[in-house]
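What follows is the residue order along each chain.
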Amino acid sequence: MKPLILTTLFALFFGIVTNVGQAALPIHPLAPPDTSSPRATLNTFLDNMNSAVQAYKAGNRKEARSFARRAARCLNLNDEPPALMNVLALYAVLYLKETLDRIEIPPEDQIPDAKEIKSEKISSWTIPFTEITIAATKTESSPERFLFTGDTVRKAESYYSIVKNLPYRPDSGGGAMLEQLRSSGSLILPKTFIESLPAWSRRDIYGQAIWQWLGLLLYFGVATAVLLILHKIASQTLCVFDDKFGSNLSHTVGGLILPITLILLSKLGLWFVVYGLRFLDAHAYVPIAFVFLIISYGGWIWLIGAILNRVATVFVAVGGYVRGGVDDQLIRIGFQLITVIIITVMSMSLGARLGLPTYSLITGLGIGGLAVALAGREALSNIIGTIMIILDRPFQLGDYIVPGAGERGEVAEVGLRSTRIRTRDDVIISIPNSVIANAKMINESAPFPMSRIRVKLGVAYDSDLPKVEQILIDVARQNELVLPDPAPRVRFRGFGDSALEIELLCWIDTPDLRGRVIHELNWSIKEEFEKQEVEMPYPQRNVHIRSDK
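Residues numbered from 1 in each chain as written. Predicted model: local features only at pLDDT ≥ 70, side-chain atom pairs only at ≥ 80, totals over all residues. Heavy atoms only, no water.

## Some points on the overall build of the protein
Alright, step 1. Counting its secondary structure elements, the protein contains 19 helices and 13 strands.
Alright, step 2. When each of the 549 residues of the protein is scored for burial, the buried share is 39%.
Alright, step 3. Of the roughly 33100 Å² of accessible surface on the protein, 61% is carried by carbon and sulfur atoms. (Helix = DSSP H or I, 4+ residues; strand = E, 2+ residues; numbered from the N terminus. Buried < 20%, exposed > 50% of the residue type's maximum accessible area, 1.4 Å probe, protein only. Areas by Shrake-Rupley, 256 points an atom, 1.4 Å probe, with all protein chains shown as cover.)

## Notes on the sheet that holds strand E11 (residues 451-459)
Alright, step 1. Ordered in space as E11-E13-E12, the 3 strands form an open sheet in which the pairing is antiparallel. Edge strands, defined here as strands with exactly one partner in the open sheet, are E11 and strand E12 (489-495). For this sheet, the mean inter-axis angle between neighbouring strands, taken without regard to orientation, is 25 degrees.
Alright, step 2. Alignment of E12 against strand E13 (residues 500-508), held across 6 bridges, turns out to be antiparallel. Paired with Phe492 across the strands is Ile502, a residue of E13.
Alright, step 3. Here helix H18 (residues 465-478) sits on the sheet in contact with E11, E12 and E13, set at roughly 25 degrees to E13. (Pairing = 2+ DSSP bridges. Axes fitted to C-alpha atoms, helices over the stretch in contact; angles between N-to-C directions. Contact = heavy atoms within 4.5 Å.)

## Here we look at the sheet that holds strand E8 (residues 418-422)
Alright, step 1. Ordered by their spatial adjacency, 5 strands build an open sheet running E9-E8-E7-E6-E10, and the pairing between neighbours is antiparallel. Unpaired on one side and paired on the other, strand E9 (428-432) and strand E10 (442-443) mark the two borders of the sheet.

## Focus: the packing of H18 against helix H19 (residues 514-531)
Alright, step 1. At their nearest, the axes of H18 and H19 sit 10 Å apart, and the two run at 135 degrees to each other. The orientation of H18 relative to H19 falls into the category oblique. For the pair H18 and H19, the crossing hand works out as right-handed. Every residue of H19 that contacts H18 at Val468, Ile471, Leu472, Val475 and Ala476 is listed here: Leu521, Ser524, Ile525, Glu528 and Phe529. (Parallel < 35°, antiparallel > 145°, perpendicular 65-115°, else oblique. Left-handed = near helix turned anticlockwise from the far one by under 90°.)

## Some remarks on the pattern of salt bridges
Alright, step 1. Evaluation of the coordinates by the stated rule reveals 12 salt bridges.
Alright, step 2. Residue Arg454 pairs with Glu503 through a salt bridge whose shortest N-O separation is 3.5 Å. You can see Arg454 sitting in strand E11 and its partner Glu503 sitting in strand E13, a full 49 residues away along the chain.
Alright, step 3. Residue class for Arg454 comes out partly exposed when judged on its relative accessible area of 41%.
Alright, step 4. Each of Arg39, Asp113 and Glu116 takes part in a single network of salt bridges with overlapping partners. (Salt bridge = Lys/Arg side-chain N within 4 Å of Asp/Glu carboxyl O.)

## Some details on the nonpolar core
Alright, step 1. Judged by nonpolar contacts, the single largest core of 30 residues is most densely connected at Leu42, Phe45, Leu75, Leu100, Ile132 and Phe148.
Alright, step 2. When contributions to this core are tallied by element, the ones reaching two or more residues are helix H2 (38-57), helix H3 (61-72), helix H4 (85-100), strand E3 (142-148) and helix H7 (156-163).
Alright, step 3. By residue number, the principal contributor to this core is H4, which donates 6 residues.
Alright, step 4. Sequence-distant contacts of Leu75, that is, excluding residues within four places in its chain, are made with Phe45, Ala89, Ala92, Val93, Leu96, Leu147, Phe148 and Val153.
Alright, step 5. Leu216, Val274, Phe279 and Ala289 belong to the second-largest nonpolar core, a separate cluster that totals 26 residues. (Core = buried A, V, L, I, M, F, W, Y, C linked by side-chain atoms within 4.5 Å.)

## Re unusual backbone geometry
Alright, step 1. A cis amide bond links Asp485 with the next residue in sequence, Pro486, at an omega value of 0 degrees.
Alright, step 2. By the element assignment, Pro486 lies in the loop between H18 and E12.
Alright, step 3. A positive phi angle, near 55 degrees, is found at Lys121, a position not held by glycine.
Alright, step 4. Note that Lys121 resides in the loop between helix H5 (114-120) and strand E1 (124-126).
Alright, step 5. For Lys121, a relative accessible area of 73% translates into the label exposed.

## Quick look at the packing of aromatic side chains
Alright, step 1. With the rule as written, the count across this model stands at 8 aromatic pairs.
Alright, step 2. Seen in terms of ring centroids, Phe220 and Phe292 are 5.3 Å apart; in terms of plane orientation they differ by 5 degrees. Their pairing is stacked. Of this pair, Phe220 sits in helix H10 (residues 210-245) while Phe292 is found in helix H13 (residues 282-319), placing the two residues 72 residues apart along the sequence.
Alright, step 3. We classify Phe220 as partly exposed; its relative accessible area is 30%.
Alright, step 4. A residue is classified by how much of its surface remains accessible, and Phe292, at 2% relative accessible area, is buried.
Alright, step 5. Taken together, a centroid distance of 6.4 Å and an interplanar angle of 20 degrees make the contact between Tyr461 and Phe495 stacked. With Tyr461 in the loop between E11 and H18 and Phe495 in strand E12, this residue pair connects regions lying 34 residues apart in the sequence.
Alright, step 6. Judged by its relative accessible area of 61%, Phe495 is exposed.
Alright, step 7. What links up through ring pairs into an aromatic cluster is the set Tyr219, Phe220, Phe272 and Phe292.
Alright, step 8. Over the aromatic face of Tyr168 sits the side chain of Arg102, whose NZ or CZ is 4.2 Å from the ring centroid. (Phe/Tyr/Trp six-rings, centres within 6.5 Å; stacked < 30°, edge-to-face > 60°. Lys NZ or Arg CZ within 6 Å of the ring centre and 35° of its normal.)

This is how it looks when you write it as structure tokens:
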């Protein structure tokens, strides 16, 4: 009997010690808050917010933020913009705590717990005489939790505005943190400075004091001035480096200063609004945050586009491609397509972070894009023609071409919409790429830059053809612009009405010499034929008149 009693006492003692030891263990930092029922959620929220208030009063702001974040996990924020979720959660817990500290909350035994949830299949619970609701929510990655509904979160500020003049309940935990934040100044402006401001500057406009709005305007003014001054100083400094060392920093680096500055100032602005100016009104903060986020994303898009443009320039320089040529255009269009893809992805990301219906917007843009494409089919056909020219490469920059339009000239530039050629009259002609892509194209510079010219002439039927041939070959050889290899040659083409048709064939270095060489050869042939008494008859016709008398 005694061993049984001793064993029982030992087991009880061991169990008590074990339970005490387990109870003394701290909560794991990654352990989720207890939201298994409306009762657990409400208690978890109030306990963490009371701890946050006490920590803030004691000066432990980091610990206070930690408790407030844990309380925010009792809120359903699935429908809130991801970019603003953290700040909106902070606003919601502050306003909700202020409201709950001023209204009557039923005793715990009247709030459903986990057992009642299972037995009675309760999916939501609302605090009596209010619209503050705690409802069941379930995601793929977590079990069913009871959270303050999204509608409750969005209306938390309006609930507070209704009850803010009511006294705190005696068991409210010593007051809420919202009043502590409003009365303690900010990280930049101390409480004494704010209290010394004129009374008119402390009046509320759209939920915030006038001095806060003035501080926001001041920040935008200072940020703009910093942006302009920094850009000017950096540009002047880089220009000095360029002049001294022959570099190109003002172009390569100087263009990156503005977007980087925009990104930094927008990030700093979001911090300044929350922690510097203490914007505690969600309706005032949200549009301001939208503006800063759009500026930030605009800076990132600008920066990425500028970097990719410089990378394309490096590719062209390293590859030895001619600037403005077809290869240059192909590389740059490729990087532009990459830029467009990145901008599209970033725009979708911004829309998702701001809570916009991204997929609906994409569908709308697709329909709108189809309408634009139908309206601008001419421009679209030119762009497709540009792609075909770049892929097919019928000519290069500097080639002499004769497009279907019949204009002969040197390719000066291949643009996104049209190709520009420079004629021998130094006139630039712009031809749509859709016309060039679908027309017959003569490239006088391909496959080799040298070009053959033809000089056609006629001699009298009684002329000595070997003599004529030798004269023409000698004239061609004496011209410095005519290539010796391939050698000039003469061809007897046919019997004309008034003369024997002869053609001189010879080669020149580049097609742009064609007009000058033909002029010089014609001049020399005329002089030699006169010296050698070779007749070049002009067209004539004999008319015989018959008389029937």
